Protein chains: 2
Amino acid sequence: MSPKNLKAPRGTRDFYPDEYRQREWLFDCFRRVAHRFAFEEVDAPMLEDAELFIRKAGEEIVDQLYHFETHGHHLALRPEMTPSIARLVMARAEALRMPLRWFTITQNWRYERMQRGRKREHFQWNMDIWGEPGVAAEAELIGALFSAVDEMGLPRGTVRVRLNSRALLEESLRGGVLRDRPETFEPLCIVIDKLEKIGPEAVLEQLTSREAGIGLSEAAAEGVLAMLGAKHLDEAAAHVADDSEALADLRRLFELLDAYGVGDHVIFDASVVRGLAYYTGIVFEAFDAAGQLRSICGGGRYDRLSETLGGKAIPAVGFGFGDMVIAELLRDQKRMPEIPRRVDDFVFAFEDAQREKAIRLASRLRSGDRRVELAFEGGRLKRALADANRIGAQRIWMLGPDEADRGMVRVRDLSSGEEREEPLSE
Amino acid sequence: MSPKNLKAPRGTRDFYPDEYRQREWLFDCFRRVAHRFAFEEVDAPMLEDAELFIRKAGEEIVDQLYHFETHGHHLALRPEMTPSIARLVMARAEALRMPLRWFTITQNWRYERMQRGRKREHFQWNMDIWGEPGVAAEAELIGALFSAVDEMGLPRGTVRVRLNSRALLEESLRGGVLRDRPETFEPLCIVIDKLEKIGPEAVLEQLTSREAGIGLSEAAAEGVLAMLGAKHLDEAAAHVADDSEALADLRRLFELLDAYGVGDHVIFDASVVRGLAYYTGIVFEAFDAAGQLRSICGGGRYDRLSETLGGKAIPAVGFGFGDMVIAELLRDQKRMPEIPRRVDDFVFAFEDAQREKAIRLASRLRSGDRRVELAFEGGRLKRALADANRIGAQRIWMLGPDEADRGMVRVRDLSSGEEREEPLSE
């Protein structure tokens, strides 16, 4: 094996103890918030039938699928969790109590070029509500999202949510460009999602291209772009009917977000459509307020996904919150905590002859739920003390032949330096 | 998507909330014990270069590798954690403080025929000690193994460890069958490991077969089988020199296990060699005392793995403890707990007009770290009460128009049935 192979495969991460503790700190923030919102944790295999993920709208996430054939099966590493959640819900749709609130913290995979804040694997916190058609569900999710940001110690205002409604866009186009070919809506959204990345000219070109499967007239494409420029709900209102349901939903959602105390950090932005085909209604993304990083979290309503997968329609909404971009933000903001290792006791026998007594002592301390490192090597006390200090132990227990003969052990408090003898049997 | 695809891929598992809570209960037992023994948690990618896992001894685990080529890389889903741990240690061998104590709880994959207690994925708790050559490390690991069994509430005596030393077997063969061809030792162990499964005749046949790469004489093969029959250390002693190091190690290990209070549940068994090529010394497996199930846990010393992978030799010993067989034993023994969902409060608004107030109330309760389900639907109190009871909430908070107007909320304790009014602002 060559030295290069001592690295994790390109685009993947190892988690040494320090990094693992930071990862768990972040996951614990997610978990605490999810439990406060009465969400239940679930899990599904990382390897699924590839069919579960393959859709036809030219999504980046599908193009970048890790998939392979084995023993006659076409399998894929999940690129995202939502289809697996849909599968679990659909498989027990009759038995499950709706609305249901589920969360997952899973590793997802995509084969792609590496960029800052992006790897071939990442962990993602997903929160999903199934069975609730109203925007109260969206509000609850966005409330939870901000609670997680609070939980990490990030000041309010460092994270903002941009929010839109695909239903609003769809309504505005229904009378026009979508009248004859409603099936172009999904690929249209995928193209619009690239606006910031590729710019308006390239978007215009793709919207009018017949090859990309959309083929709008130039005037229609320019109309779409104009609609996307709306940065206030009132501006967007001009593009839809007065009794627009999508508009009413958006207005109600902002009222509810105020009740969660997060309305000031959520802005309407008609250009937000998200890059996944299955969204149908409200879509949103969280980003750092300074606009330096990729999006932290993305989500939306996907009321037709279960139908697409061959089941009956069940309203659903959810978000995915990755571990990579938020970690960058936490580091930029000096809010990523160093989580120290916790060891309570260090037990040291001077000679192999005291080893059995040291083991009995360590076992006794452990049965009191203390964290105990039992030194394997005897001999030099100086080294043992250095070791005990290095791992941050509170106390060192020292067992030499004299103490052992008298049934005693010396114990030193490593912060105060105080030392005393104790009977071994206690 | 056809209905069959609503199932997880064959041989894999979904974890719905009830199952997920049981899984976490088990993992928490592992974690608590690992922390008490001052082990640190680490993680590595599930997808590694296939090369990391491929060895040449005809191991089942390598034959059953999920592996594939993608974009010019030959990748594999890890079938076990030890090679990844070795990679992490070797990559930072100079910087890491030895001996190091690491644990992982990871999902591993093997493509194989399904049997009871065996799937294509399983989770495994691994505990590894690197940098300690003496049997104190083995004793610490076996001590931790039994602590985990205790932690799960299984009575002592339901789990036993069978233990042997490959070094002892190697010593006994050194003067004879291994003299000219020491490279046959690894495949020989792989064959011996199948003894219980395929029986002595088939083992004899494979040991004498030239094609399988071992090619012992019939007399030599029968000598090996005789050696494997030893069920006491004194019996095995007859096959090695009086000053055998391997024998001295075994005797010392049993003394240390007595100090851990587990010696009565560990038996010497010369037929235990384990089915992985890389073990070099002590090997052991835990099994249910009734002998009904597959092995619960397996481990051993693998002092040469880091060399095999191209690094310098570092002594190492570890075990892997799967989640499947122990779950069967826990169920058989009626010790698998049902872990109820925990929800503290259920907040219910009769009308949409009280929704904002309900949100503020829920937010207040949540900021006190309570677990709060906020009902999305108003209307029927009877249904809300049924829902609140069904999820096991302690209290229901009821917000109708009358209460809301007066700035009050009604709260009912769902176990006592007591009900009172409280100001909303508190």
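Presented here is a report on the structure given in the accompanying data block. (Residues numbered from 1 in each chain as written. Chains lettered and ligands numbered in written order. Predicted model: local features only at pLDDT ≥ 70, side-chain atom pairs only at ≥ 80, totals over all residues. Heavy atoms only, no water.)

### Some points on a negative patch on the surface
On the surface, A:Asp242, A:Asp243, A:Glu245 and A:Asp249 cluster together to form a negatively charged patch. Topologically, A:Asp249 is positioned in helix α10 (residues 245-259). (Patch = residues over 30% accessible without salt bridge, like charges linked within 9 Å, V, L, I, M, F, W, Y side chains within 5 Å. Areas by Shrake-Rupley, 256 points an atom, 1.4 Å probe, with all protein chains shown as cover. Salt bridge = Lys/Arg side-chain N within 4 Å of Asp/Glu carboxyl O. Lys, Arg positive; Asp, Glu negative; His and termini not counted. Charge placed at Lys NZ, Arg CZ, Asp CG, Glu CD. Helix = DSSP H or I, 4+ residues; strand = E, 2+ residues; numbered from the N terminus.)

### Some words on the relation of the copies chain A and chain B
Between chain A and chain B, the superposition needs a rotation of 180 degrees and an axial shift of 0.0 Å, giving an RMSD of 0.0 Å. Each copy turns onto its partner about a two-fold axis. Nearest to the rotation axis, the C-alpha of A:Phe68 is located 3.3 Å from it, this being the minimum over chain A. Comparing contact sets, 100% of the residues at the interface of chain A also lie at the interface in chain B, consistent with an isologous, same-surface contact. (Least-squares fit on C-alpha atoms with pLDDT ≥ 70 in both. Contact = heavy atoms within 4.5 Å.)

### With respect to the pattern of salt bridges
With the rule as written, the count across this model stands at 91 salt bridges over all chains. In this structure, B:Arg55 and B:Glu59 form a salt bridge, with 2.9 Å as the shortest nitrogen-oxygen distance. Both residues of the pair, B:Arg55 and B:Glu59, count as buried. Where salt bridges share partners, they join A:Glu40, A:Arg97, A:Arg101, B:Asp18, B:Arg21, B:Arg341, B:Glu373, B:Glu377, B:Arg383 and B:Asp387 into one cluster. (Buried < 20%, exposed > 50% of the residue type's maximum accessible area, 1.4 Å probe, protein only.)

### A closer look at the pairing of strand β7 (residues 159-165) of chain A
The side chains of a regular strand alternate, residue by residue, between the two faces of the sheet. Residue and element names in this part refer to chain A. Within β7, six of the seven residues are buried, leaving the element largely enclosed by the surrounding structure. Pairing geometry for β7 and strand β8 (residues 266-268), over three bridges, is parallel. Bridging across to β8, leucine 163 finds its partner in phenylalanine 268. (Pairing = 2+ DSSP bridges.)

### Observations concerning the environment of B:Glu403
All names here are of chain B. Relative to the assigned elements, glutamate 403 resides in helix α15 (residues 401-405). Residue glutamate 403 is classed as buried on the basis of its relative accessible area of 10%. If we skip the residues at most four places from it in the chain, glutamate 403 touches Met408, Val409, Arg410 and Glu421. At 3.0 Å, the side chain of glutamate 403 and the backbone nitrogen of glycine 400 are in polar contact. Separated by 3.1 Å, the side chains of glutamate 403 and arginine 410 make a polar contact. (Polar contact = N/O pair within 3.5 Å; in protein donor to acceptor, adjacent residues only side chain to side chain.)

### Some thoughts on the sheet that holds strand β6 (residues 121-130) of chain A
Residues and elements named next belong to chain A. Ordered in space as β1-β5-β6-β11-β10-β9-β7-β8, the eight strands form an open sheet in which the pairing is mixed. Lying at the two open borders of the sheet, with one neighbouring strand each, are β1 (40-41) and β8. Packed on one face of the sheet, helix α5 (residues 166-174) meets β7, β8 and β9 (282-288) and runs near 35 degrees to β7. Across the sheet, helix α12 (residues 324-332) lies against β6, β7, β9 and β11 (316-322), angled at about 50 degrees from β11, the strand it touches most. (Axes fitted to C-alpha atoms, helices over the stretch in contact; angles between N-to-C directions.)

### Re helix α3 (residues 82-91) of chain B
Residue and element names in this part refer to chain B. The element α3 is largely enclosed, with a buried count of nine among its ten residues. Among the residues of α3, Thr82, Pro83, Ser84, Ile85, Ala86, Arg87, Leu88, Val89 and Met90 are the ones counted as buried. Those residues of α3 that are buried lie in contact with β2 (47-49), β5 (100-109), β6 (121-130) and α11 (305-308).

### Things to note about the interface of chain A and chain B
Each partner contributes residues to the interface: chain A has 87 residues there, and chain B has 87 residues. Both sides together, the interface formed by chain A and chain B hides about 8300 Å², and carbon and sulfur atoms give 56% of it. If you look at where chain A meets chain B, you find 24 salt bridges. Of the charged contacts in the structure, one is a salt bridge between A:Glu140 and B:Arg366, with a shortest N-O distance of 2.7 Å. Taken together, the links from chain A to chain B amount to 35 residue pairs in polar contact (both at pLDDT 80 or more). Per-element tally for the side of chain A that touches chain B: the top contributor is helix α1 (residues 17-36) of chain A, with eight residues. Of the residues that constitute the side of chain A that touches chain B, the class distribution is 44 nonpolar, eight polar and 35 charged. (Buried area = accessible area lost by both parts, 1.4 Å probe. Nonpolar A, V, L, I, M, F, W, Y, C, P; charged D, E, K, R; others polar.)

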